[in-house]
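Commentary on secondary and tertiary structure
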Amino acid sequence: MKLVELEIERHDWANLRCGCGLPATHVAADLKQLVGSTEENGFDIESLDGHVLMPSVLFEPSVPTISVVLAALADDVSSSARDKCLDLLLLLVAGEGQATESSLAGRDLVDECISAAKFGVWLLYSEIFSGRSVDASSNAYEVLSLIENDADRIDRVRVAGGDFLRWDLR
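Residues numbered from 1 in each chain as written. Predicted model: local features only at pLDDT ≥ 70, side-chain atom pairs only at ≥ 80, totals over all residues. Heavy atoms only, no water.

As enumerated under the stated definition, the model contains 11 salt bridges in all. Its salt-bridge partner being Arg166, residue Asp168 comes within 3.6 Å of it at the nearest N-O pair. Taking relative accessible area as the criterion, Asp168 reaches 46% and is therefore assigned partly exposed. By sharing partners, the salt bridges in this structure join Glu60, Arg107 and Glu112 into a single network. (Salt bridge = Lys/Arg side-chain N within 4 Å of Asp/Glu carboxyl O. Buried < 20%, exposed > 50% of the residue type's maximum accessible area, 1.4 Å probe, protein only.)

Okay, structure coming up:
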């Protein structure tokens with residue numbers, strides 16, 4: 001979890017406006033819980049609803065959350081935490097709107113989240129072929145289908161990685 005801790009420390013969570021209206025310092029603590037979770041001490045990513053995002057609406061902490069999730073994918077986390085990180089990443093890059101405050105500040109959190117996720121493109125490709133879990137591979141593929149500009153590459157990966165993906169993505 002060293003990479004995750006380093007990434008969390010890079011961001012000024014106290015100056016990010018959480019969806020609940022408070023500073024986002026508690027989001028950093030929640031992300032540490034997420035990446036440290038296991039099957040036995042699970043973490044429900046729905047607890048981030050109203051803080052990082054609400055269904056398809058993004059809040060300020062969404063962008064640094066993506067970099068923390070990518071750090072977790074590069075780090076040694078449990079399979080349960082990895083699956084949940086990929087679930088969360090997919091929710092974030094699939095965001096369709098943002099809080100009004102962000103719009104008024106001239107930000108485009110949807111675009112910022114997609115741009116942030118692109119830094120992890122090779123981690124996501126690697127996840128597809130890792131064989132860790134069909135859900136993780138499928139979520140990685142779905143994230144790539146939303147952020148990858150190279151349609152030929154993503155199609156070749158879909159064909160080559162078909163056995164690692166859910167049937168509806170093959």
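Confidence in the prediction for the chain averages 95 pLDDT; 100% of positions are at 70 or higher. The least confident element of the chain, judged by mean pLDDT, is helix 5 (residues 100-104) at 88; the most confident is helix 3 (residues 62-74) at 98. (pLDDT = per-residue confidence, 0-100. Helix = DSSP H or I, 4+ residues; strand = E, 2+ residues; numbered from the N terminus.)

With that out of the way, let us pick up the packing of helix 1 (residues 2-10) against helix 3. Where helix 1 contacts helix 3, the axes come no closer than 8 Å and their chain directions differ by 165°. Looking at the two axes, helix 1 sits roughly antiparallel to helix 3. Considering only the axes of helix 1 and helix 3, their crossing is right-handed. Here helix 1 contributes Leu3, Val4, Glu7 and Ile8 to the contact with helix 3, which in turn contributes Ser67, Val68, Ala71, Ala72 and Ala74. Classifying every residue of the contact of helix 1 with helix 3 gives seven nonpolar, one polar and one charged. (Axes fitted to C-alpha atoms, helices over the stretch in contact; angles between N-to-C directions. Parallel < 35°, antiparallel > 145°, perpendicular 65-115°, else oblique. Left-handed = near helix turned anticlockwise from the far one by under 90°. Contact = heavy atoms within 4.5 Å. Nonpolar A, V, L, I, M, F, W, Y, C, P; charged D, E, K, R; others polar.)

A few words on the environment of Leu34. Structurally, the position occupied by Leu34 is in helix 2 (residues 25-35). Once the C-alpha coordinates of Leu34 and Cys20 are considered, the two residues, 14 residues apart in sequence, prove to be 19 Å apart. The contacts of Leu34, once residues within four sequence positions are left out, are Phe43, Ile45, Ala81, Lys84, Cys85 and Leu88.

The complete set of buried residues in helix 6 (residues 109-118) reads Leu109, Val110, Cys113, Ile114, Ala116 and Ala117. In a view along the axis of helix 6, the buried residues occupy a sector of 160°, so they form one face of it. (Arc of directions from axis to C-beta.)

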